[in-house]
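# Per-entry structural report
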Amino acid sequence: MTDYVNPFSLDTSRLPLDRIVDRDRQIDFLNERVIGNNENVLVTGPFGIGKTCLLRKFRGGLPERVAEHTLLIEMEMRRLSADASDFLSDVLLKLLGSFWEEVLERPYSDLIKAVTSPADVREHVMPQVK
């Protein structure tokens, strides 16, 4: 068997975008919310349901002028804590890390150095955000 692609593969990172099908309703929703209304959207669901494929298809369909202003953050939910406060801090750290690297174009290591205490955050992180 040559050139056979399993459509149910867990390795979705190499799945061509044209093989991701039946997501029109969800793509339309994301376009309306994220692009049309400038809203934040959290995509959740059971393991293997196709969240990553959906976001890859959405990202692949964005015009370049829109894509450069749209921040998509993927998180591995299985590794997050079930405790609500731990979950929130994990999400905020991922958001801040993505903002730091993709928007400010600074190395993630600088962020880690800057957040050793609340005073360090005020002194090193907040000026970058402003």
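Note that the coordinates shown come from a computational prediction; the quantities given were computed from them, not determined experimentally.

### Here we look at the overall build of the chain
- Along the chain, the regular secondary structure elements total six helices and zero strands.
- Of the regular secondary structure in the chain, the N- to C-terminal order runs α-α-α-α-α-α.
- In the chain, buried positions account for 18% of the 130 residues.
- As displayed, the chain has an accessible area near 10,000 Å², and 53% of this comes from carbon and sulfur atoms.

### Regarding the nonpolar core
- With nine residues, the main nonpolar core is built from I27, L30, V34, L54, L55, F58, L62, V66 and L72.
- At the level of secondary structure, the elements contributing two or more residues to this core comprise α1 (24-36) and α2 (51-60).
- Those residues in contact with L30 that sit more than four places away from it in its chain are I35, V41, V43, L54, L55 and F58.

### Looking at the environment of S13
- Along the chain, the position of S13 falls in the segment before α1.
- Of the residues examined, S13 reaches a relative accessible area of 53% and is grouped as exposed.
- S13 sits 39 residues away from T52 along the chain, and the two C-alpha atoms are 8.4 Å apart.

### Considerations on a negative patch on the surface
- Taken together, the side chains of D22, D24, D28 and E32 define an acidic patch exposed on the protein surface.
- Of note, D28 is situated in helix α1.

Basis of the calculations
- Residues numbered from 1 in each chain as written.
- Predicted model: local features only at pLDDT ≥ 70, side-chain atom pairs only at ≥ 80, totals over all residues.
- Heavy atoms only, no water.
- Helix = DSSP H or I, 4+ residues; strand = E, 2+ residues; numbered from the N terminus.
- Buried < 20%, exposed > 50% of the residue type's maximum accessible area, 1.4 Å probe, protein only.
- Areas by Shrake-Rupley, 256 points an atom, 1.4 Å probe, with all protein chains shown as cover.
- Core = buried A, V, L, I, M, F, W, Y, C linked by side-chain atoms within 4.5 Å.
- Contact = heavy atoms within 4.5 Å.
- Patch = residues over 30% accessible without salt bridge, like charges linked within 9 Å, V, L, I, M, F, W, Y side chains within 5 Å.
- Salt bridge = Lys/Arg side-chain N within 4 Å of Asp/Glu carboxyl O.
- Lys, Arg positive; Asp, Glu negative; His and termini not counted.
- Charge placed at Lys NZ, Arg CZ, Asp CG, Glu CD.

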